[in-house]
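Analysis of the macromolecular model
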Amino acid sequence: MRRLVPTRALLYLLSLMALELTPSTPSFAQVITAGSPRCPGVALTFDLCPVRKGSGYDQLLMDYLITHRIPATFFMSGKWMAKHESEVEQLLGLDFFEIGTHGDVHAHLPMHDADEQRTEILGPVTLLQEHYGHQARLFRPPYGEYNDVTVAVVKLLGLQFIQWNIESGDPDPTLSAEQIFTRVSKRAKPGSIIVFHANGKGKQTRQVIERLTRETLPAKKLRPMTVNDLLDCTSQTP
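Keep in mind that this is a model prediction, so the values were computed, not measured.

1. A short note on the pairing of strand β4 (residues 72–76)
Burial within β4 is extensive, with five of its five residues counted as buried. Along β4, one buried face is formed by Ala72, Phe74 and Met76 and the opposite face, lined by Thr73 and Phe75, is buried too. Pairing analysis gives four bridges linking strand β3 (residues 41–48) to β4, with the strands arranged parallel. Bridged to Phe46 within β4 is Phe74. Of the crossover connections in this fold, the one passing from β3 over helix α2 (residues 59–67) to the parallel β4 is right-handed. Pairing of β4 with strand β5 (residues 97–101), which is carried by five bridges, proceeds in the parallel orientation. Note that in β5 the partner of Phe74 across the bridge is Ile99.

Written out as structure tokens, the structure reads:
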């Protein structure tokens, strides 16, 4: 995850944009990486980034999550949604899933000015609202990259900025299922937000999720939650 500092010129441009950006909901300034340490849950989150090869959809992983009704949050890019209309509709129709956005074309946001970042961030938000009638409030930047301009634009748009505190590393082809599982299991604790991928880039993701939900979380008296449920949770009761 990289956080890059913008130039003064970009900050000035952003101040001018503030005259045009009027959020319809309360603004969020905080970049969220975890929930309350008193909450007996973790958020399993899955990025749906565009892919050049393959289906772009991990069907076996999704079948497992759906069959066992495991709460999860998905961050969809606009480019991915454009090629997966039926999958978008299916995910939106499941009440134990939650949908956020992940940029339009999966751009490196800190390389762009404020107006370009606004366009990249708003693309999938607008698509979900106009084509599917869904108001997405959660945003995760592509590659986990952002700068002060990104934070300000997200705040002005009334979106909630969601990152993570456990990176699974599941797109890395050099990591085995055992390595990813061990990495995540050791770090999982109350309030954790864990990032995985559901676009097929994580070849071991399904195996890891199965073991995580069957072994690690029960052993630690934790349960899967959506991001919003995790952020609303403060109870110590499992």
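Next comes the rest of the write-up.
2. Considerations on the packing of aromatic side chains
Tallying each qualifying case throughout the model produces seven aromatic pairs. Relative to Phe196, the ring of Phe46 lies with its centre 5.6 Å away and its plane at 25°, an arrangement referred to as stacked. Residue Phe46 is located in strand β3, and its partner Phe196 is located in strand β10 (residues 193–197); the two are separated by 150 residues in the primary sequence. Under the relative-accessibility criterion, Phe46 is labelled buried at 0%. Pairwise contacts between aromatic rings join Phe46, Phe74, Phe96, Phe97 and Phe196 into one cluster. Stacked on the ring of Phe181, the Lys or Arg Arg211 has its end atom at 3.8 Å from the ring centre.

About the cut-offs
Residues numbered from 1 in each chain as written. Predicted model: local features only at pLDDT ≥ 70, side-chain atom pairs only at ≥ 80, totals over all residues. Heavy atoms only, no water. Buried < 20%, exposed > 50% of the residue type's maximum accessible area, 1.4 Å probe, protein only. Helix = DSSP H or I, 4+ residues; strand = E, 2+ residues; numbered from the N terminus. Pairing = 2+ DSSP bridges. Right-handed = clockwise from strand over helix to strand, strands pointing away. Phe/Tyr/Trp six-rings, centres within 6.5 Å; stacked < 30°, edge-to-face > 60°. Lys NZ or Arg CZ within 6 Å of the ring centre and 35° of its normal.

Nothing here speaks to function; it is geometry throughout.
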